[in-house]
Protein chains: 2
Amino acid sequence: MKRYEALAREVAETITKGQLLPGERLPSVRETSRSRGVSPSTVFEAYYLLEARGLIEARPRSGYFVSHGIAQQIEPEASTPVTNERAVEVSELVFHVLGDAKNRTLVPLGSAFPSPTLFPLPKLAVALGRAVRRLDPWRTVEDLSPGSPALRRQIGLRYLAMGCGVDTEELVITNGAMEALSLCLGAVTKPGDLVAVESPTFYGALQALERHNLRAVEIATHPRSGVDVAALAAVLERHAVKACWLMPNFQNPLGSLMPDSSKQALVELLTKHQVPLIEDDVYGELYFGSHKPKPAKAWDRTGLVMHCSSFSKSLAPGYRVGWAAAGRFAKDVARLKLMSSLGAPVPSQEGLSEYLRHGGYDRHLRQLRATLAKQRYVVLRAIAKCFPAGTKVTQPEGGYFVWVELPKTVDALELHRLALSHDISLAPGHLFSADHRYRHHVRVNFGHPDNKRFEAALKTVGTIAKALA
Amino acid sequence: MKRYEALAREVAETITKGQLLPGERLPSVRETSRSRGVSPSTVFEAYYLLEARGLIEARPRSGYFVSHGIAQQIEPEASTPVTNERAVEVSELVFHVLGDAKNRTLVPLGSAFPSPTLFPLPKLAVALGRAVRRLDPWRTVEDLSPGSPALRRQIGLRYLAMGCGVDTEELVITNGAMEALSLCLGAVTKPGDLVAVESPTFYGALQALERHNLRAVEIATHPRSGVDVAALAAVLERHAVKACWLMPNFQNPLGSLMPDSSKQALVELLTKHQVPLIEDDVYGELYFGSHKPKPAKAWDRTGLVMHCSSFSKSLAPGYRVGWAAAGRFAKDVARLKLMSSLGAPVPSQEGLSEYLRHGGYDRHLRQLRATLAKQRYVVLRAIAKCFPAGTKVTQPEGGYFVWVELPKTVDALELHRLALSHDISLAPGHLFSADHRYRHHVRVNFGHPDNKRFEAALKTVGTIAKALA
C-alpha cells in the first residue's frame, strides 16, 4: 500500500468510528503533513482519494469536512430467510426489468449494468482491430473451448498478481460470467438437487436454478459481511445441499464483502462437507478500498471452488468474455461448454488478450473505481435527503448497487410501477428471493455518472415512496 | 436459373442417368453451342461448373470427358434403426474427435470444421474494425438478447431472398447455431421427454439431448433424400414425441437433402401432431446445385418450426454468431438466451452486420461452394481408388462430409485408432447414434483444399481398411 493510501485509510477509520463526525472539519493539509511527518502532496492525495469516495468534501477557502449523508444512514439488518427447500420460479418481472435496461428514455436506477460510457471502448476497438487483422485463421478452431491460450495466460497472470494461484489448465473461457456460472452449476448438479444461495440473492442465480430444475435454500446474509457461515453450517447439517452459489465480494444486490476470515471458514466448511462452491466474483475488481479483495478460491486447497468472473463489468461490456477457474471440475466444465456453445467468440478473446498484453487495464480500473466510489456517494446522499424516514440503505465498499429497505408500508412493486410512469426504472426486492420476500426493498444502481438526472430521479422516487409510506 | 446453369443441369442429368458414361467424351463446345442455340461462352461456363463439381474433366487438346470415380460408386442404403426410446449417453470419444480438430499435425479427415482458410477473414476483420471503432457504447446493452436489430434485419433480408418469410421479431441471435439449437430444445421439452432424431444423426444433437436429460428415438434416414417421413409418422403414432431435431438440408453426417415435397409432408405431419421441429440448417448455404434449398420452415404456417443456423460454416468461423427463427417459441427462446448467457458478442454481431450491409457475401459463397464441390470430387475419387471393395459412400449435393460404409468386417474404432497412429483423424460411425450402431462407418471431411495431403491420407486409411477387411 502506498503512503497516501495508508493515510487515507487511517482517516477513513476515524470517520467510520465516529471520532470525526459529519460536518466536522479535518485537520488542514499543513497540520497533517507536520503531525504525520509526510509531505503535503501525500496528504493532498489522501484527501483527494477520500473525497473521491465521498467521505469528505472540500469547501473552497475553508478546507476539508466530513461529508453529511453517509455516516448518518442506517444499514439494514442481516436477513432472516426461512430455510425451506423450494422449487424456483422466477417472475415475469425479471424480464421486464432486464428489458428496461435497453430503454434509453428511462433513468436506469433498476439496471443491472453500469453505464457503458465508463469503459475504454475506443482503446479496446483498436486492440480488437489489430488482433483480427493479423489473426491466424486456425485460431478460429484452436480457440474453441477451453479457449484462447493467450487469453487464459493473461487471466492466469492476474490471479497470480492477487495472490490466488490458479492453474491455466483449470481456466475455461465462456460467453460471459453468466454462462460460466451456469456451466459450473450443470457440472455439479442434476435435476431436483438442492443448491444454497444467499438471501437476498442475484435473480440470475435463481433463473439458472430454475433452468436446471434445481431447488434452492436461502441462507441468512449480512449487508456488510455477507453470508452467515454459521447459518450455512446449520443448513448443511440438515439438508442435502449439492452446491453453493455465493458472491463473497460485493454481493448483488447487497454489496456485502465477506472478511477474509469468513471466506476461509466458508471454504473449510464446504471442504468438510465436500460441497462445491460456485463463486460469482464479477464485481471483485470494483473495490473502493485500498486493495483488491481475494476470492474465497484463494483458500481452496482441493479444487472444490469454481471461481467465475468476466470482463463485462470491469472492461468490455458486450464482448461476452468470461471464465471459470473450475478447479477439479474444469474438464467437465470445458466439455459442457463445448457441448452447449462450442467456444467463446474468437475476435473478443483475441482483442482482449491484445489489450491486456499492452497494458492500460489497471489504469482504467483505477479511474473506474474512483468514479463508482464517487457515484455511490451521490446516490447515498440523494437517498438520505429524499427517501422517507425509516429508510435503511447499505454502504457497499465496491460494485455499483445499493440495497434500500423502505418502511414496511411501501410496496416495492407499486413503487416500481409508479416510478416507471415517471420514466424511472427500479429493481424491486421481489426479484431477489425464491419466495419473493423482499417486498419493501429496491436495488438502486449507482454506476451511471449522470448526477443531475439521477438526483432528480431519486427525488421523484423518494416523493412517491413518502406518499406510499 | 441462368442459361449456363440450366445447360449444366441437363448435361449433369445425362451423366447421372448413365446416358453418358465415365470416360466418354462430351460434345465439343462448338457442337453444343450450335445444337443448343447458345453462345460458346455459355457452354464454357456450363462445362466449367460441371468441372468444378467433379462431374467432368478437361483434358488438354482433347476436350471434356465424364469423370471416373463418382458415377461408379455405390451409395449406402437407407438406415434401419431400432425405434426404441433410449436414454442418451455420448461417448468420451466425441471429445477426443473434437480435440483432434485443434491438432494441426493431424490430417483432419475427422474434423467437424471446414478449413478456416476458406473464409474471407481479412475482409471480415476490416468490417469488424470499422464497426467497433464507431460503436455507440449503448449498443453493448441494447444488443443483448434477442440481439442487434441491424443484424436481425440483415438476416431477415436473406430469408426474404430465399422465399421463406420470417418476421424479424422471431429472430434470436445466439452464440452460434449450437446454442440456438440447445435453447430451442430447452424451450419445448422438459427432462425425461422424448425427441425424434435422424439415424445416423449429428453427435451434437445427441450431446444436447444428454445435457437436457432427454430420451431419443431414431428415425430411418436415406443417404440421398433424408429422413423417412412415413417412418416418422409411424413413430409419432406409437410414441409420445415432444420434439423433432432434424437436418433437412445436407444432413450431418449423411449429406442428404430432403426434396421439397418431403419437407412439406414433414411439416404437415408435425402440424397434425403439434410436434415442434428444431431444424438444424447450418449447411444450407453450401449447396452444389443451381439454387439454395429451402428450409422446412418455408412450409410452416403456424410457427411450429424453429429454424436454426449460423455464419460459422459459411462466413465467419469463430465469431460465434448464430440464430434461431423460433416461430411461436421466439419469446421463450429469447428469454432462455437472456438467462443462460445474456447475449451474443456485440463486436461479432456489429462486424457481421457491417460486412453483410456492404456486400460480398454472395460472391464469397459462390467461391466457397465451387471449392467444396471440387473437394468432394477429390475425396470421392480417392475413396473409390483406395478403399476396400464393397465400400459404399454418399454423394452429397452440399456441405463438406461424405459418409462411408466400409465392409462389415472393418471396425471403425480400430480404423480410427490406427489412422491416428499415422497422424490422421477420423470420425467413427459410433458417434452418430444413441445406440452406437454404425460400427463400420466413418464420416470423412472434404472441406480442406489440401489435395495432396488428403489424397495421401485417404490412401493410408484405405490401406489400413483393406488390411482390416
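Remember, predicted model here, so these are calculated numbers, not experimental data.

**Some details on the overall build of chain A**
Secondary structure assignment for chain A yields 16 helices and 15 strands. For 469 residues, the compact-globule estimate of 2.2 N^0.38 gives 23 Å, and the C-alpha radius of gyration of chain A, at 22 Å, lies within 12% of that figure. Along the first, second and third principal axes, the C-alpha set of chain A runs to 65 × 50 × 45 Å. The burial tally for chain A puts 63% of its 469 residues in the buried class. Restricting the contact set of chain A to residue pairs at least 6 apart, pairs at least 24 apart contribute 77%. Counting only carbon and sulfur atoms, one obtains 52% of the accessible surface of chain A, whose full area is about 17,400 Å². Across chain A, the centroid of the 58 positively charged side chains sits 5 Å from that of the 46 negatively charged ones.

**Observations concerning the domain arrangement of chain A**
Residue and element names in this part refer to chain A. Along its sequence, chain A is carved into domain 1 (3–66), domain 2 (86–117 + 370–468) and domain 3 (120–357). Averaged C-alpha coordinates put domain 2 and domain 3 at centres separated by 25 Å. Counting the surface lost from both domain 2 and domain 3, the interface buries some 2,500 Å², and carbon and sulfur atoms represent 63% of this. Per-residue buried area on domain 2 facing domain 3 is highest for Val88, Glu397 and Phe432; these three make up 22% of the total on that side.

**Focus: helix 9 (residues 203–211) of chain A**
All names here are of chain A. The buried fraction of helix 9 is high, at 7 of 9 residues. Buried within helix 9 are the following residues: Tyr203, Gly204, Ala205, Leu206, Gln207, Ala208 and Leu209. Asn213 occupies a position one or two residues after helix 9 and carries a positive phi of about 55°.

**Observations concerning the nonpolar core**
Residues Leu109 and Phe311 of chain A together with Leu109 and Phe311 of chain B are the most contacted members of the largest nonpolar core, which totals 290 residues. The residues contacting Phe311 of chain A, other than those within four sequence positions of it, are Leu151, Ile155, Ala316, Pro317, Val321, Trp323, Leu352, Leu356 and Tyr361 of chain A.

**Some details on the relation of the copies chain B and chain A**
For the pair chain B and chain A, the superposition axis carries a translation of 0.0 Å, the fit reaches an RMSD of 0.1 Å, and the rotation angle comes to 180°. On the angle and the small slide along the axis, the relation comes out as a two-fold axis. Of the C-alpha atoms belonging to chain B, the one lying closest to the rotation axis is found on Gly129 of chain B, 2.3 Å away. Interface overlap between copies: 100% of the residues of chain B at the interface are likewise at the interface in chain A, consistent with a symmetric, same-surface contact.

**Describing the sheet that holds strand 14 (residues 427–428) of chain A**
Residues and elements named next belong to chain A. Pairing is antiparallel across the open sheet formed by 4 strands, whose spatial order is 12-13-15-14. Every interior strand has two partners, whereas the edge strands, strand 12 (392–393) and strand 14, have only one. As paired strands, strand 12 and strand 13 (residues 401–405) are joined by 2 bridges and run antiparallel to one another. Its bridge partner lying in strand 13, Val393 is registered against Val404. Lying over the sheet, helix 14 (residues 361–386) contacts strand 12, strand 13 and strand 15 (441–445), oriented at roughly 15° with respect to strand 13.

**Some remarks on the side chain of Asp281 of chain B**
Residue and element names in this part refer to chain B. Examined against the element boundaries, Asp281 turns out to sit in the loop between strand 9 (277–280) and strand 10 (305–310). Buried charge without a partner: Asp281 forms no salt bridge, and the closest opposite charge is Lys292, 4.8 Å away. When neighbours within four sequence positions are excluded, Asp281 is seen to be in contact with Asn249, Pro295, His307, Cys308 and Ser309.

**A word on the interface of chain B and chain A**
Counting from both sides, the interface comprises 50 residues of chain B and, opposite them, 51 residues of chain A. Our count for the chain B to chain A interface comes out at 6 salt bridges. Put simply, Glu92 of chain A and Arg335 of chain B hold a salt bridge, and the shortest N to O gap is 2.8 Å. Where chain B meets chain A, there are 18 residue pairs in polar contact (both at pLDDT 80 or more). At the level of secondary structure, the elements contributing two or more residues to the side of chain B that touches chain A comprise helix 4 (93–100), helix 5 (121–133), helix 6 (139–142), helix 8 (176–188), helix 9 (203–211), helix 12 (330–341) and helix 13 (346–357) of chain B.

**Details of the pattern of salt bridges**
Counted according to the given criterion, the structure contains 52 salt bridges over all chains. Between Glu85 of chain A and Arg215 of chain A there is a salt bridge; the shortest N-O distance is 2.4 Å. Of the two residues, Glu85 of chain A sits in the loop between strand 2 (63–66) and strand 3 (86–87) while Arg215 of chain A sits in strand 6 (residues 215–222), which places them 130 residues apart along the sequence. By relative accessible area, which is 34% here, Glu85 of chain A ends up partly exposed. Judged by its relative accessible area of 28%, Arg215 of chain A falls in the partly exposed class. For Glu455 of chain A, the salt bridge goes to Arg381 of chain A, with nearest N and O atoms at 3.3 Å. Highlighted residues: Glu455 of chain A in helix 16 (residues 451–468) and Arg381 of chain A in helix 14, separated in sequence by 74 residues. According to the relative accessible area criterion, Glu455 of chain A is partly exposed, its value standing at 28%. It is possible to trace a salt-bridge network through shared partners that takes in Arg104 of chain A together with Asp136, Arg139, Glu142, Asp143 and Glu350 of chain B.

Parameters and conventions
Residues numbered from 1 in each chain as written. Chains lettered and ligands numbered in written order. Predicted model: local features only at pLDDT ≥ 70, side-chain atom pairs only at ≥ 80, totals over all residues. Heavy atoms only, no water. Helix = DSSP H or I, 4+ residues; strand = E, 2+ residues; numbered from the N terminus. Rg over C-alpha atoms; globule rule 2.2 N^0.38 Å. Buried < 20%, exposed > 50% of the residue type's maximum accessible area, 1.4 Å probe, protein only. Contact = heavy atoms within 4.5 Å. Areas by Shrake-Rupley, 256 points an atom, 1.4 Å probe, with all protein chains shown as cover. Lys, Arg positive; Asp, Glu negative; His and termini not counted. Charge placed at Lys NZ, Arg CZ, Asp CG, Glu CD. Domains from an automatic or database assignment. Buried area = accessible area lost by both parts, 1.4 Å probe. Core = buried A, V, L, I, M, F, W, Y, C linked by side-chain atoms within 4.5 Å. Least-squares fit on C-alpha atoms with pLDDT ≥ 70 in both. Pairing = 2+ DSSP bridges. Axes fitted to C-alpha atoms, helices over the stretch in contact; angles between N-to-C directions. Salt bridge = Lys/Arg side-chain N within 4 Å of Asp/Glu carboxyl O. Polar contact = N/O pair within 3.5 Å; in protein donor to acceptor, adjacent residues only side chain to side chain.

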